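# Overview (structure and organization)
Residues per chain, in single letters:
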Amino acid sequence: MFENMTEEQAKKQILDMVSEYCDTYHNNRGAFKEGDRIPYASRVYDHDEMCNLVDSALEFWLTAGRYTNEFEKAFAQYLGVKYCSLVNSGSSANLNAFMALTSPLLGERQVRPGDEMITVAAGFPTTVTPAIQYGVVPVFIDVTIPQYNMDVTQLEAALSDKTKVVMAAHTLGNPFDLKAVKEFCDKHNLWLIEDNCDALGSKYTMDGEEKFTGTIGDIGTSSFYPPHHMTMGEGGAVYTNNPLLNKCIRSFRDWGRDCVCASGQDNLCGHRFDRQYGELPLGYDHKYVYSHFGYNLKATDMQAAVGCAQLKKFPSFVERRRHNFDRLLEGLKGCEDKLILPAPCENARPSWFGFLLTCKEGVERNKVVPYIESHGVQTRMLFAGNLTKHPCFDQMRAEGKGYRIVGNLENTDRIMNDTFWVGVYPGMTDEMIDYMAKTIREAVNQ
């Protein structure tokens, strides 16, 4: 088949066939009909992603390579940050971000076991898991409804002489009150990690300047799991403007090593064999010197190849999410006596991940959700609801140690009992949004 072809000609023929295959057998879904399943999220892609994926596979580099470099550079440029590190998931991004703060390179600001981290229980567990596993005590504050983000009026009550960091997510794309949180962190010399996994593309205006969420704190994280704002299948990113934090992030991501050479690269610094580290002998190979107890959290170049194509489409994804959210909000007007409708944080322009709904008194979620699901609309809870109620906390709860709660988490428990959400992903059509609104209205009025 490839006789008398150059390698480039053969590759072009393969990629042309891949493009034709994708256009023929993918994304050729017919028009929506009432009763068709509407997932809460789905991938939105075309032949660009598939061709990039195959192109990377044909190179067979497999681990991080040219597509990874291209993505990290383009993603950092999009967000307006100096440094970006691609990792293998959003959960790994959170682990990488938190562990960077435990580096001895940070001196007196190093986070140590026994220190405390202010966060919320109404969210996803891997925002909190790295702290618990390292021996840092999470301090849970309540959230507000209908923003579903941390109640900043409780920050001072959560503070102790052991507090070192605040880490929380922008819930379903809705930014938390970054101005209040940033001022609190600056006042008390605390680190701020923005879990931006559900909010990529969201913006927040502070001091007259609009910035992307994830770029206002010390470190931001993103996830590229299929339901998220853009996808690589699996994947995530950690980003910062701080060069020292970036050094720590890269080290923890790459086995904890001291060397900054990429895979397959040797002696970038020119001092691979002439330095002395720790109690190692003089001249020990710098590629095998470890300054942290790290991990291998890197993504593959095939994942990055998909991400490069997704990123070019990404601004249109954000606009469609906003359009879908606004249309669903309009479609549910008149239901305010039965449902609490979501509201953006002040000074925020969300890139919505989902549409949160809280049942009012007299409306039972356990009746509403099954009706909606039985009519083809997929729903989700707000992740853990109240994380401290889950079996993973049983031992800590029984022993009465390992975490603190400020107040009684009243709204968090309300969310656990009464809240659910539906999707607004960019592949949804107006007909799908209108059908969802109709179904939700029927569900609360049954």
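Going by what an unreviewed UniProt entry lists, the protein chain is known as L-glutamine:2-deoxy-scyllo-inosose aminotransferase and is assigned to Roseburia inulinivorans. Regarding the protein chain, the UniProt comment filed under Cofactor (unreviewed entry) reads as follows: "pyridoxal 5'-phosphate". What UniProt records for the protein chain under Sequence similarities (unreviewed entry) is the sentence "Belongs to the DegT/DnrJ/EryC1 family."

### Things to note about the sheet that holds strand S9 (residues 236-240)
The sheet built from eight strands is open, its strands ordered S1-S9-S8-S5-S4-S2-S3-S13 with mixed pairing. The outermost strands of the open sheet, each flanked by one partner alone, are strand S1 (83-87) and strand S13 (404-405). Where strand S2 (residues 116-120) meets strand S3 (residues 137-141), five bridges bridge the pair, whose relative direction is parallel. Following the sheet pairing, Ile118 is matched in S3 by Val139. Contacts from helix H4 (residues 90-100) reach S1, S2, strand S4 (163-169), strand S5 (191-195), strand S8 (219-223) and S9, with the element oriented near 165° to S8. Docked against the sheet, helix H8 (residues 243-253) engages S1, S5, S8 and S9, running at close to 15° with respect to S1.

### Focus: the domain arrangement of the protein chain
Interface extent is often summarised as the accessible area lost during association of the parts. In terms of domains, the protein chain is made up of domain 1 (54-303) and domain 2 (314-444). Each of domain 1 and domain 2 was reduced to a C-alpha centroid, and the two centroids are 27 Å apart. Taken together, the contacts link 45 residues of domain 1 with 46 residues of domain 2. With both sides pooled, the region where domain 1 packs onto domain 2 buries about 3,600 Å², and carbon together with sulfur makes up 64% of that total. Counting the contacts that link domain 1 with domain 2 gives two salt bridges. Summed over the shared surface of domain 1 and domain 2, the number is 23 residue pairs in polar contact (both at pLDDT 80 or more). If one sorts the elements of the side of domain 1 that touches domain 2 by residue count, S3 sits on top with five residues.

### A short note on the packing of helix H1 (residues 7-25) against helix H2 (residues 47-59)
Their axes nearest at 9 Å, the elements H1 and H2 cross at an angle of 145°. Crossing hand, H1 versus H2: right-handed. Of the residues in H2, those touching H1 at Lys11, Ile14, Leu15, Val18, Ser19, Tyr21, Cys22 and Asp23 are His47, Met50, Cys51, Val54, Asp55, Leu58 and Glu59. Grouping the amino acids of the contact of H1 with H2 by side-chain chemistry returns nine nonpolar, two polar and four charged.

### Comments concerning the pairing of S9
With five of five residues buried, S9 lies mostly within the body of the structure. Sheet topology note: the S1/S9 ladder contains five bridges and is antiparallel. Paired with Tyr83 across the strands is Thr240, a residue of S9. Note: S8 against S9, four bridges, orientation antiparallel. The residue bridging Thr221 from the neighbouring strand is Val238, located in S9.

### Some words on the packing of helix H3 (residues 66-79) against helix H9 (residues 301-331)
Helix-helix packing: each pair is described by the crossing angle between the helix axes and the interaxial distance. Close contact between H3 and H9 brings their axes to 7 Å; oriented N to C, the two are set at 25°. Comparing the axis directions of H3 and H9 gives the class roughly parallel. Judged by the twist between their axes, the crossing of H3 over H9 is left-handed. Across from Arg66, Tyr67, Thr68, Glu70, Phe71, Ala74, Phe75 and Tyr78 in H3, the residues of H9 making contact are Asp301, Ala304, Ala305, Gly307, Cys308, Leu311, Phe314, Pro315 and Val318. A per-class count over the contact of H3 with H9 returns twelve nonpolar, two polar and three charged.

### With respect to empty space enclosed by the protein
What the rule picks out here adds up to two cavities of 30 Å³ or more. Looking at the largest cavity, its volume works out to about 60 Å³. In terms of lining residues, the largest cavity is bounded by 13 residues, among which Ser42, Val44, His228, His229 and Phe317 are the most central. Counted by class, the lining of the largest cavity contains six nonpolar, five polar and two charged residues. No fewer than three residues from each of domain 1 (54-303) and domain 2 (314-444) sit in the lining of the largest cavity. For the second largest cavity, the calculated volume is near 40 Å³. The wall of the second largest cavity is formed by 13 residues, among which Tyr148, Asn174, Pro342, Trp352 and Leu356 lie closest to the centre.

### Examining the environment of Glu346
Following the sequence through the fold, Glu346 ends up in the loop between strand S10 (339-340) and strand S11 (348-349). Note on Glu346: relative accessible area 64%, which makes it exposed. Note: C-alpha distance between Glu346 and Tyr204 (142 residues apart in sequence) is 8.7 Å.

### Remarks on the pattern of salt bridges
As enumerated under the stated definition, the model contains 34 salt bridges in all. For Lys313, the salt bridge goes to Asp48, with nearest N and O atoms at 3.2 Å. In this pair, Lys313 sits in helix H9 while Asp48 sits in helix H2, placing the two residues 265 residues apart along the sequence. Residue Lys313 is classed as buried on the basis of its relative accessible area, which comes to 16%. When its relative accessible area of 35% is taken as the criterion, Asp48 is described as partly exposed. A salt bridge links Arg253 to Asp254; its shortest N-O distance comes to 2.7 Å. Comparing Arg253 with Asp254 shows no difference in burial state: the two are buried. One network of salt bridges, in which partners are shared, links Lys11, Asp55, Glu59 and Arg66.

Rules used in this analysis
- Residues numbered from 1 in each chain as written.
- Predicted model: local features only at pLDDT ≥ 70, side-chain atom pairs only at ≥ 80, totals over all residues.
- Heavy atoms only, no water.
- UniProt positions renumbered as here; feature names shortened; annotations may be inferred.
- Pairing = 2+ DSSP bridges.
- Helix = DSSP H or I, 4+ residues; strand = E, 2+ residues; numbered from the N terminus.
- Contact = heavy atoms within 4.5 Å.
- Axes fitted to C-alpha atoms, helices over the stretch in contact; angles between N-to-C directions.
- Domains from an automatic or database assignment.
- Buried area = accessible area lost by both parts, 1.4 Å probe.
- Salt bridge = Lys/Arg side-chain N within 4 Å of Asp/Glu carboxyl O.
- Polar contact = N/O pair within 3.5 Å; in protein donor to acceptor, adjacent residues only side chain to side chain.
- Left-handed = near helix turned anticlockwise from the far one by under 90°.
- Nonpolar A, V, L, I, M, F, W, Y, C, P; charged D, E, K, R; others polar.
- Buried < 20%, exposed > 50% of the residue type's maximum accessible area, 1.4 Å probe, protein only.
- Parallel < 35°, antiparallel > 145°, perpendicular 65-115°, else oblique.
- 1 Å grid on protein atoms, 1.4 Å probe; cavity = no way out; pocket = protein on both sides within 12 Å on 5 of 7 lines; lining within 4 Å.
- Points joined across faces, edges and corners; volume = space filled by probe spheres on them.

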